[in-house]
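# Examination of the molecular architecture
Okay, here's what each chain looks like letter by letter:
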Amino acid sequence: MTGMTTSGEPTTGAPTSGEPSTGEPVCIDFYMEQYDPNEEITPPLFTCGLPELCPGPDGKPLVFTQENDLVATKDIERGRCMAKAMRDRTPGLFRFTVWPILGFDTTTIEILGETILVRRHVLSDFNEDYGERGHQLFAPEKYTPCVDGPAAVVLKCLTDGYSEACVSEPLSCPN
């Protein structure tokens, strides 16, 4: 796995938190506002290269549409499969995108066990940014409403189904 600490220093092997001179752990995090795909940083920085979970027939991310409070998808079972993977801590990755009025918000979640890597690429109203961050999954029972719920519940679990705090411990890839 290759990666980079928040200080911008490249890492090799599993991304690690490192210890800055203050002794405080550095979270496993990378964010680039106004992401420019022509720059030398090529996403993803943190990855185990795990296989795709819940793949679609076309190899593209699952699409959710969202207008006001109405959330829909043409493949709810694929979304529920993603929520089950989070609940069961199934090693692998999946991708989904949310289409607002102007732009997109694509997220890739790579499940490493109790921790996940979340990559987000957002294009909205001609602004673009990119970020990667390690997070801790919630307890498995938190995903119960997600595995049978409607599109709005499934999307909420996929976007909010992990702690907001960034993981600041070394990550390792599952065997």
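Residues numbered from 1 in each chain as written. Predicted model: local features only at pLDDT ≥ 70, side-chain atom pairs only at ≥ 80, totals over all residues. Heavy atoms only, no water.

### Quick look at the pairing of strand β4 (residues 62–67)
Pairing analysis gives 4 bridges linking β4 to strand β6 (residues 92–99), with the strands arranged parallel. Within β6, the residue paired with Phe64 across the bridge is Val98. Inspection of the sheet shows β4 paired to strand β5 (residues 70–73) by 4 bridges, in the antiparallel sense. Bridging across to β5, Thr65 finds its partner in Ala72. Joining the antiparallel neighbours β4 and β5 is a turn of 2 residues, in which Asn68 adopts a positive phi near 55°. (Pairing = 2+ DSSP bridges. Helix = DSSP H or I, 4+ residues; strand = E, 2+ residues; numbered from the N terminus.)

### Some words on the pattern of salt bridges
A full pass over the atoms with the stated rule returns 7 salt bridges. For the salt bridge of Glu52 with Arg78, the shortest nitrogen-to-oxygen distance reads 3.8 Å. Of this pair, Glu52 sits in the loop between β3 (29–33) and β4 while Arg78 sits in helix α1 (residues 76–88), placing them 26 residues apart in sequence. Residue Glu52 is classed as partly exposed on the basis of its relative accessible area, which comes to 32%. Here Arg78 falls in the buried class, since its relative accessible area comes to 7%. Across the pair Asp105 and Arg120 runs a salt bridge, and its minimum N-O distance is 2.4 Å. Here Asp105, found in strand β7 (residues 103–111), pairs with Arg120, found in strand β8 (residues 115–124); they are 15 residues apart in sequence, far enough to count as distant. Relative accessible area serves as the criterion here: at 40%, Arg120 is assigned to the partly exposed category. (Salt bridge = Lys/Arg side-chain N within 4 Å of Asp/Glu carboxyl O. Buried < 20%, exposed > 50% of the residue type's maximum accessible area, 1.4 Å probe, protein only.)

Purely spatial values, then, with no claim about function.
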